Structure formats: structure tokens, C-alpha cells
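If you want the building blocks of each chain, they are given just below.
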Amino acid sequence: MKLCDRCPHAINCDCTYLDSACSLLRKSTCPNVVTNNAEAMAAMDADTLAVELLSMVYELFEEGVPSQEEVRDWLLAPYRGGTAL
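Residues numbered from 1 in each chain as written. Predicted model: local features only at pLDDT ≥ 70, side-chain atom pairs only at ≥ 80, totals over all residues. Heavy atoms only, no water.

Let's shift gears to the pattern of salt bridges. For side chains of opposite charge, pairing can occur when their charged atoms come near one another. Following the criterion strictly, the structure yields one salt bridge and no others. Here Arg80 and Glu59 are joined by a salt bridge, their closest N and O atoms 3.0 Å apart. With Arg80 in the segment after helix 5 (68-76) and Glu59 in helix 4 (residues 46-60), the pair connects residues that are 21 residues apart, well separated along the chain. When its relative accessible area of 66% is taken as the criterion, Arg80 is described as exposed. (Salt bridge = Lys/Arg side-chain N within 4 Å of Asp/Glu carboxyl O. Helix = DSSP H or I, 4+ residues; strand = E, 2+ residues; numbered from the N terminus. Buried < 20%, exposed > 50% of the residue type's maximum accessible area, 1.4 Å probe, protein only.)

Between its first and last C-alpha, helix 4 extends 20 Å over 15 residues, near the 21 Å set by a 1.5 Å rise per residue. Bending of helix 4 peaks at approximately 35° at the position of Glu52. Buried within helix 4 are the following residues: Glu52, Met56 and Leu60. The inward-facing, buried residues of helix 4 abut helix 3 (37-43) and helix 5. Of the residues that open helix 4, the one with a side-chain oxygen 3.2 Å from the backbone nitrogen of Asp47 is Asp45. (Expected span 1.5 Å × (residues − 1). Bend = angle between axes of the 7 residues up to and from the residue. Contact = heavy atoms within 4.5 Å. Polar contact = N/O pair within 3.5 Å; in protein donor to acceptor, adjacent residues only side chain to side chain.)

On to a nonpolar patch on the surface. Together, Leu53, Val57, Phe61 and Val65 line one region of the surface with nonpolar side chains, adding up to about 360 Å² of accessible area. Note that Val65 resides in the loop between helix 4 and helix 5. (Patch = residues over 30% accessible without salt bridge, like charges linked within 9 Å, V, L, I, M, F, W, Y side chains within 5 Å. Areas by Shrake-Rupley, 256 points an atom, 1.4 Å probe, with all protein chains shown as cover.)

Now for the layout of surface pockets. To find leftover empty space, one rolls a probe the size of a water molecule over the atoms. The volume enclosed by the second largest pocket comes to roughly 180 Å³. Around the second largest pocket, the lining residues are Glu59, Leu60, Glu62, Glu63, Gly64, Val65, Pro66, Glu70 and Trp74. Looking at the lining of the second largest pocket, the elements with two or more residues in it are helix 4 and helix 5. (1 Å grid on protein atoms, 1.4 Å probe; cavity = no way out; pocket = protein on both sides within 12 Å on 5 of 7 lines; lining within 4 Å. Points joined across faces, edges and corners; volume = space filled by probe spheres on them.)

Moving on, we get to the packing of helix 4 against helix 5. Where helix 4 contacts helix 5, the axes come no closer than 11 Å and their chain directions differ by 135°. Here helix 4 is positioned oblique relative to helix 5, judged by the angle of their axes. The handedness of the crossing between helix 4 and helix 5 is right-handed. Of the residues in helix 5, those in contact with Met56, Glu59 and Leu60 of helix 4 are Glu70, Val71 and Trp74. Counted by class, the contact of helix 4 with helix 5 contains four nonpolar, no polar and two charged residues. (Axes fitted to C-alpha atoms, helices over the stretch in contact; angles between N-to-C directions. Parallel < 35°, antiparallel > 145°, perpendicular 65-115°, else oblique. Left-handed = near helix turned anticlockwise from the far one by under 90°. Nonpolar A, V, L, I, M, F, W, Y, C, P; charged D, E, K, R; others polar.)

Below, the structure is given as C-alpha cells:
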């Protein structure tokens, strides 16, 4: 499920997906709709992903090799990385 599917402004929104205007709108009117790891990764360009992916992988493999269910849960968890999305 994409972030826009969870946002109450999606019907009348003219923001670009995960740009700064989108982020500001969500933070001010629906702070419970947060970007998850999968959405953040999909929105990153290759240079940003190259930097962010290392810390994301370390977090995911922190306690050993995860199961498929643990990976899915991590992908759906709120994004806490360095890039503001």
C-alpha cells in the first residue's frame, strides 16, 4: 500500500509523491501517516540509496539473518533514516 493510499489528502493533492510539500502537508494535517522503509527506498535516487542502504541493511540484519516475515515487517516500519521524506 502506497503512502498516498493512506493519506486523507490524496484525492485533491497536487504534491509530488514524497517531496517536501507532501511531507509538510502530512506533518501538519495527518502526522499518523508516515513514510515506511519500502516507500522511502522506492523514492530515493541511486546516490541517496547507496548511502542509506548500508544503515538500513545493518538495522535489518542486526540480530542475524531475518525471516521473510521479519523483512516484510521491517519494510512496513516507519522510515527513520537520514533523508527527510
